Amino acid sequence: MTGMTSSTRPLLNRRLAGFGTTIFAEMSALALRTGSINLGQGFPDTDGPEEVREAAVRALREGRGNQYPPGPGVPELRAAITAHQERRYGLSYDPDSEVLVTAGATEAIAAALLALLEPGDEVVALEPYYDSYAACIAMAGGRRVPVTLRPDAGAGEAGEAGGTGAERRFRLDLDELRDAVTDRTRLLLINTPHNPTGTVLTRAELAAIAELAVERDLLVVTDEVYEHLVFDDAEHLPLATFPGMRERTVTIGSAGKTFSFTGWKVGWITAAPGLVAAVRAAKQFLTYVSSGPFQYAVAEALALPDGYFTAFRDDMRAKRDLLAAGLADAGFEVFRTAGTYFITTDIRPLGETDGFAFCRALPERAGVVAIPNAVFYDHRDAGAPFVRFAFCKRKGVLEEAASRLKTLAT
Ligand code: PMP
Ligand code: GLN
C-alpha cells in the first residue's frame, strides 16, 4: 500500500494525517531492535499485586465478565470507583449515573472529546501534552490551544527538591492560561500529575484553573491517571474538589498506572450525570464495552488497604531517586519530578540541543531508549532540548541504564 488510491486521494484523512505513528510504538520498537534498555514507553517491567492478578483469574474461571459486561461497567467496579473517590477525596458520586468504565484512560479521553466538542471548538491544554490529546481533539474536529509549561528559575526552593537534588520544576503561567481562553473555548484539558514533565499542579494553580473555568463557563476534562504516584510533599488534589467544579468536570482515572497492569486497559470517568451520559453516548460506539474479567479484578484492587498505595508510591519514589541521580551523574539537567513515572531532563549541559536527534542516537551511543519531549509540543522549539526517561523499572535495570548513560559524560 502506498497510502494513495488510483485517484491519488490519500487514504488517511486530513484530521489524522499529521500524526504518524505514536512515539511510544516507535521507541519501543527501536529498543527491541537495538537490544536497548527501554526507558521510553511508560510501563512497569513487573506486574502488580499477585492477589489482583489472582482476582482476574478467578473472575475468568467463574465466568464473570467473559461475556459483554454492562455498558457503564460492572456494578462491583462502579461501586469501588465511587468508594475510592469518597475515601480519598471526599467526593461522592452515584455509581449508577455518575461513573463510566472505559477501555483505559485512552478511551475516556477520546470519548469525552468526541462527545463534548463541536467542530471548531477550542480546547485549551497544557503543553507538552500526552500524545493522544492532540489526535483526539483533531478527530473531534476541535482546535487545540496550547499553554506551555516552562521550567522555573529554581531559586529559593531548595527545600522542595525532595531526594533528587533537582531544583527546577515545570510551571503553569496563569496569565498565559487566562489569555488562551477565548469565546470559542469549550473546554480545558488538564493533566495532573503531568506526563511528561512530572509536575504536580499546586493548590494555587488548581484554584486559578477552577476560577477561570467557572468565570468563563468552561467544561473541564482532567486526566488524573497518576493520582497515586505523587512524591515528597506534593499532594494530588482532584480538580473536581474545587468550588464550582464538580458539575463541570470529567475526571479520568485508570487502573493501569495505579496497579501496574497497563495491558488490562481498565479506565473510568466520574462526572455529573449529564456529562457521563454525553461521554457514554460516544463510548458506546467506540468499544461498547471491554476488559470484562479485569473489571472485577480492578474492583478488588481499588479496595486494597492504604498500605498498598503507600508502599507502591514509596517504591516508585526510590526508583525516581535512583534514576535522577544517574541522569545527573551522566551530565543531564534533571527537573524535579513530583509525580508520574517520568523524569524530564535538559540535554543542553551535554552539548546537545535536539532531543529528537539525541533520542535516535542514544541506543547506539549508550544502549538506552528515551522519549524526545518535542513530540508533545506544538511549539516544537520550546520542547527541543527536553528528553523524558521512565523510572517504572526494576532497580537493577535502572542501575544498568545509569551506568550506560554515564559513558555520555566522558
Ligand atoms: N493519560 C496519560 C497522562 C498517560 O500517561 C496515559 C498512558 N500512560 C494515559 C492517559 C493512557 O492510559 P491508559 O493506559 O489507561 O489508556
Ligand atoms: N502513557 C504511556 C507513556 O506516556 C504510554 C502509553 C502508550 O503507549 N500509549 O509512556
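Residues numbered from 1 in each chain as written. Chains lettered and ligands numbered in written order. Predicted model: local features only at pLDDT ≥ 70, side-chain atom pairs only at ≥ 80, totals over all residues. Heavy atoms only, no water.

Points about the site of ligand 1
Here is step 1: Close to ligand 1 lie 13 residues; Thr106, Asp223, Tyr226, Lys257 and Lys265 are nearest.
Here is step 2: Take Asn195: an N or O atom from its side chain is 2.8 Å from an oxygen atom of ligand 1.
Here is step 3: At a separation of 2.6 Å, an oxygen atom of ligand 1 approaches a polar side-chain atom of Tyr226.
Here is step 4: Burial of ligand 1 by the surrounding chains reaches 93%, relative to a free accessible area of 400 Å².
Here is step 5: Most atoms of ligand 1, that is more than half of them, are within 2 Å of grid points of the largest pocket.
Here is step 6: The leading source of residues in the shell around ligand 1 is helix α5 (residues 104–116), at four residues.
Here is step 7: Residues belonging to the shell around ligand 1 are distributed by class as follows: five nonpolar, five polar and three charged. (Near = heavy atom within 4 Å. Polar contact = N/O pair within 3.5 Å; in protein donor to acceptor, adjacent residues only side chain to side chain. Areas by Shrake-Rupley, 256 points an atom, 1.4 Å probe, with all protein chains shown as cover. 1 Å grid on protein atoms, 1.4 Å probe; cavity = no way out; pocket = protein on both sides within 12 Å on 5 of 7 lines; lining within 4 Å. Sits in = over half its atoms within 2 Å of the grid points. Helix = DSSP H or I, 4+ residues; strand = E, 2+ residues; numbered from the N terminus. Nonpolar A, V, L, I, M, F, W, Y, C, P; charged D, E, K, R; others polar.)

Here's the deal with the packing of aromatic side chains
Here is step 1: Counting across every chain of the model gives 19 aromatic pairs.
Here is step 2: When the ring of Phe332 is compared with that of Phe358, the centres are 5.8 Å apart and the planes differ by 80°; the resulting orientation is edge-to-face. You can see Phe332 sitting in the loop between α12 (306–329) and β11 (333–334) and its partner Phe358 sitting in helix α13 (residues 355–366), a full 26 residues away along the chain. The exposure classification of Phe332 matches that of Phe358, with both residues buried.
Here is step 3: Measuring from centroid to centroid gives 5.3 Å for Phe332 and Phe389, while their planes differ by 80°, and the two rings are edge-to-face. Remark: Phe389 occurs in strand β15 (residues 386–390) and Phe332 occurs in the loop between α12 and β11; sequence separation between them is 57 residues. Take Phe332 and Phe389: they sit in the same class, and that class is buried.
Here is step 4: Note that Arg64 overlies the ring of Tyr296, its terminal NZ or CZ placed 5.1 Å from the centroid.
Here is step 5: Positioned above the aromatic ring of Phe309 is the side chain of Arg88, whose terminal nitrogen or guanidinium carbon lies 5.6 Å from the ring centre. (Phe/Tyr/Trp six-rings, centres within 6.5 Å; stacked < 30°, edge-to-face > 60°. Buried < 20%, exposed > 50% of the residue type's maximum accessible area, 1.4 Å probe, protein only. Lys NZ or Arg CZ within 6 Å of the ring centre and 35° of its normal.)

What about the packing of helix α2 (residues 23–34) against α13?
When two helices pack together, their arrangement is given by the angle between their axes and by how far apart the axes lie.
Here is step 1: Following both chains from N to C, one finds α2 and α13 inclined at 20°, their axes separated by 10 Å at the closest point. Regarding the angle of α2 to α13, the classification is roughly parallel. Seen along the crossing, α2 lies across α13 with a hand that is right-handed. Along its contact with α2, which presents Glu26, Met27, Leu30 and Thr34, the element α13 presents Cys359, Arg360 and Pro363.
Here is step 2: Here the residues of the contact of α2 with α13 sort into four nonpolar, one polar and two charged. (Axes fitted to C-alpha atoms, helices over the stretch in contact; angles between N-to-C directions. Parallel < 35°, antiparallel > 145°, perpendicular 65-115°, else oblique. Left-handed = near helix turned anticlockwise from the far one by under 90°. Contact = heavy atoms within 4.5 Å.)

Let's talk about the state of the cysteines
Here is step 1: In the structure shown here, the tally under the stated rule is zero disulfides.
Here is step 2: No disulfide involves Cys392; its sulfur sits 16 Å from the nearest other cysteine sulfur, which is in Cys359. (Disulfide = S-S within 2.5 Å.)

Comments concerning the layout of surface pockets
Here is step 1: Considering only enclosed or pocket space, the largest pocket measures out at about 1000 Å³ in volume.
Here is step 2: Taken together, 44 residues line the largest pocket, and the ones lying closest to its centre are Thr22, Phe24, Tyr130, Asp131 and Ser132.
Here is step 3: Elements with a minimum of two residues in the lining of the largest pocket: α2, α5, α6 (131–139), α9 (255–259) and α13.
Here is step 4: Ranked by residues supplied to the lining of the largest pocket, first place goes to α6 with five residues.
Here is step 5: Among the residues forming the lining of the largest pocket, the class breakdown is 20 nonpolar, 14 polar and ten charged. (Points joined across faces, edges and corners; volume = space filled by probe spheres on them.)

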